[in-house]
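# Architecture and fold: a report
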Amino acid sequence: MSIRNLIDITDLTVEEIDQLIATAEDIIENPVKYQDACAHKQLATLFFEPSTRTRLSFESAMLALGGSVLGFSEAQSSSTAKGETVGDTIHTVSCYADIIAMRHPKEGAPYAAAQFSEVPIINAGDGGHNHPTQTLTDLLTIHREKGRLDNFTIGFCGDLKFGRTVHSLVNALSRQSGIKFVFISPEELKMPDYIKETVLDKDSLPYEETASLEEAMPDLDILYMTRVQKERFFNEADYVRLKDTYVLDPEKLVPAKSDLCILHPLPRVNEITVSVDRDPRACYWKQVKNGKFIRMALIMKLLGIRV
Ligand code: NCD
C-alpha cells in the first residue's frame, strides 16, 4: 500500500474531505465507537515551531483513539540543535512511529520530510505557506454551523500575506461552488499573487480586495479573522505599525448579519476583543474543539483504519 501524506489540502479530494467531515461528526456523536480504533499505534508530533492547539489536539486525538504519542515541542530539545537535517530526523522518527505530524518554520519542509519517511507525514504548518489540518478544522466548523460548504460570502481579515491558514482555506473553498471571497487587509499584507493567480484567477473565481472591515461587514456570512504573524516579519517596526490594524469589537459587529459565523484559528493577540466571545456568532472556541475530532478522522484515514 502506498503511503498517504497530507502536505497540501489538495492532497485530499473534495469527496475525501466530505468523508472526513462525516467521520468527525460521527465521532462527536459516538465517541465510544472509536476509542480503540488506533490501539497500539503511535503518533509522533514534531514541532520545530511553537504551538498550543495544533499539537495538543493531535495528541488528544490520538489518545482518544486508544493510541499513544511521542515527540518534541521545540527544535532546541531535538538533535536539530546539534545540526541534524530534517531528513535524518524524520528518517529516525519513522523507525519509531506509525504516523508523524510536523510543524516547521521553512515552507516546504514537510514535503521534503516525506521523501525520507516510511510512514505518513501530516503538515501541521510550514512557515507562511500552508496549514491543511487547520483548514479541515475550519471546514468542519463551517459545516456544523452553516450545514454546507458552498454558496456563501467569506471575508478573510488581517495578515493574508503570511497567514498560512488563510492560504489553505482559500484553496479548499475554491473547489466549492458559489463562494465569494473578500480579502480585507492593509496593502502590505495582501493575499499573495501566487495564490490569486494559481487558485482564483485560474478558474475565474470572484474576489474583492479592500482595506475596510467596516465596509465589508454587512455582506459577510463568515468572517475569518487572523493574527498578524509577528515571527514572519523582517522588520519589527513594520510589525508594530501593522499589528493593530483590525480589532474586532461588539460595535464593529452591529451592521453584521445575525447569522454571521466568526472564525479565528487562534492564537489571538489583539484582533478580537474578549467581549466578542459572548456573542453567539463567535465560533472560534467551537473551532478549537472541532480540531480534535477532524484530526481523529484524519489519523484513521491515513493509517487506513475503518471502524
Ligand atoms: C495558526 C498557525 O499556526 O498558523 N494557529 C493554529 O495552528 N491554530 C494561526 C496563527 O498562528 O496565527
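Just so it is clear, the structure is predicted and the values come from calculations on it, not from any experiment. (Residues numbered from 1 in each chain as written. Predicted model: local features only at pLDDT ≥ 70, side-chain atom pairs only at ≥ 80, totals over all residues. Heavy atoms only, no water.)

### So, the sheet that holds strand β3 (residues 99-104)
- The strand order across the open sheet formed by four strands is β2-β1-β3-β4, and the pairing between neighbours is parallel. The sheet terminates laterally at β2 (68-72) and β4 (121-126), the two strands that pair on one side only. Pairwise comparison of adjacent strand axes, ignoring direction, gives a mean angle of 15° for this sheet.
- In this structure, strand β1 (residues 42-47) lies alongside β3, joined through five bridges in parallel fashion. When the sheet's bridge partners are listed, Leu43 is paired in β3 with Ile99. (Pairing = 2+ DSSP bridges. Helix = DSSP H or I, 4+ residues; strand = E, 2+ residues; numbered from the N terminus. Axes fitted to C-alpha atoms, helices over the stretch in contact; angles between N-to-C directions.)

### Focus on the environment of Ile7
- Along the chain, Ile7 falls in the segment before α1 (14-29).
- Ile7 gets classed as buried once you look at its relative accessible area, which sits at 14%.
- Taking the C-alpha atoms as reference points, Ile7 and Leu189, 182 residues apart in sequence, are found 24 Å from one another.
- Leave out the neighbours within four places in its chain, and Ile7 touches Pro110, Tyr111, Ala114, Ile121, Asn123, Asn130 and Pro132. (Buried < 20%, exposed > 50% of the residue type's maximum accessible area, 1.4 Å probe, protein only. Contact = heavy atoms within 4.5 Å.)

### Topic: the pattern of salt bridges
- The final tally for this structure, using the stated rule, is 21 salt bridges.
- Between Glu49 and Arg232 there is a salt bridge; the shortest N-O distance is 2.8 Å. Pair noted here: Glu49 is in the loop between β1 and α2 (53-64) and Arg232 is in the loop between β8 (222-225) and α9 (236-242), with a separation of 183 residues, a long-range link.
- Residue Glu49 is classed as buried on the basis of its relative accessible area of 9%.
- The closest approach of N and O atoms between Glu59 and Arg55, which form a salt bridge, is 3.4 Å. (Salt bridge = Lys/Arg side-chain N within 4 Å of Asp/Glu carboxyl O.)

### Some points on the site of the ligand
- Close contacts around the ligand come from Thr54, Arg103, His131, Gln134, Arg164, Thr165, Arg227, Gln229, Pro265, Leu266 and Pro267, and that covers them all.
- Backbone polar atom of Pro265 to a nitrogen atom of the ligand: 2.9 Å apart, as the coordinates give it.
- For the ligand, the protein covers 95% of the area, taking 320 Å² as the surface of the free molecule.
- Its residues placed into classes, the shell around the ligand shows three nonpolar, five polar and three charged. (Near = heavy atom within 4 Å. Polar contact = N/O pair within 3.5 Å; in protein donor to acceptor, adjacent residues only side chain to side chain. Areas by Shrake-Rupley, 256 points an atom, 1.4 Å probe, with all protein chains shown as cover. Nonpolar A, V, L, I, M, F, W, Y, C, P; charged D, E, K, R; others polar.)

### Section: the domain arrangement of the chain
- Here the chain is partitioned into domain 1 (9-130 + 290-303) and domain 2 (132-287).
- Across the contact, 32 residues belong to domain 1 and 28 residues belong to domain 2.
- Summing both sides of the interface, domain 1 and domain 2 together bury roughly 2500 Å²; the carbon and sulfur share of this comes to 57%.
- The salt bridge involving Arg164 is made with Glu49; its shortest N-O contact spans 3.1 Å.
- Linking domain 1 to domain 2 there are 15 residue pairs in polar contact (both at pLDDT 80 or more). (Domains from an automatic or database assignment. Buried area = accessible area lost by both parts, 1.4 Å probe.)

### Here's the deal with the pairing of strand β5 (residues 152-157)
- A large share of β5 lies buried, amounting to six of its six residues.
- Both faces of β5 are covered, namely the face carrying Phe152, Ile154 and Phe156 and the face carrying Thr153, Gly155 and Cys157.
- Note that β5 and strand β6 (residues 179-184) share six bridges and pair parallel. Looking at the pairing, Gly155 lines up with Val182 of β6.
- Following the chain from β5 across helix α6 (residues 164-173) to the adjacent parallel β6, one finds a crossover that is right-handed.
- Direction of pairing for β5 relative to β8: parallel, over a ladder of four bridges. Paired with Gly155 across the two strands is Leu223, which belongs to β8. (Right-handed = clockwise from strand over helix to strand, strands pointing away.)

### Structural notes on helix α10 (residues 284-302)
- Here α10 contains 19 residues, and its C-alpha end-to-end distance of 26 Å stays within 8% of the 27 Å for a straight helix at 1.5 Å per residue.
- Taken as a whole, α10 carries its principal kink of about 30° at Asn290.
- Those residues of α10 that sit buried are Tyr284, Gln287, Asn290, Gly291, Ile294, Arg295, Met296, Ala297, Leu298, Ile299, Met300 and Leu302.
- A positive phi of about 70° marks Gly304, the residue just after α10. (Expected span 1.5 Å × (residues − 1). Bend = angle between axes of the 7 residues up to and from the residue.)

### Considerations on the sheet that holds β8
- On the basis of which strands lie adjacent, the open sheet formed by five strands has the order β7-β6-β5-β8-β9 and parallel pairing. The sheet terminates laterally at β7 (207-210) and β9 (261-263), the two strands that pair on one side only. Across this sheet, the average inter-strand angle for adjacent strands is 15°, counted without regard to direction.

### Quick word on the packing of α1 against helix α5 (residues 132-146)
- In the contact formed by α1 and α5, the axes pass within 10 Å of each other and the chain directions differ by 70°. Viewed along their axes, α1 and α5 adopt a mutual orientation that is roughly perpendicular. The interaxial crossing formed by α1 with α5 has right-handed handedness. Across from Ile17, Leu20, Ile21, Ala24, Glu25 and Ile28 in α1, the residues of α5 making contact are Leu136, Leu139, Leu140, His143 and Arg144. (Parallel < 35°, antiparallel > 145°, perpendicular 65-115°, else oblique. Left-handed = near helix turned anticlockwise from the far one by under 90°.)

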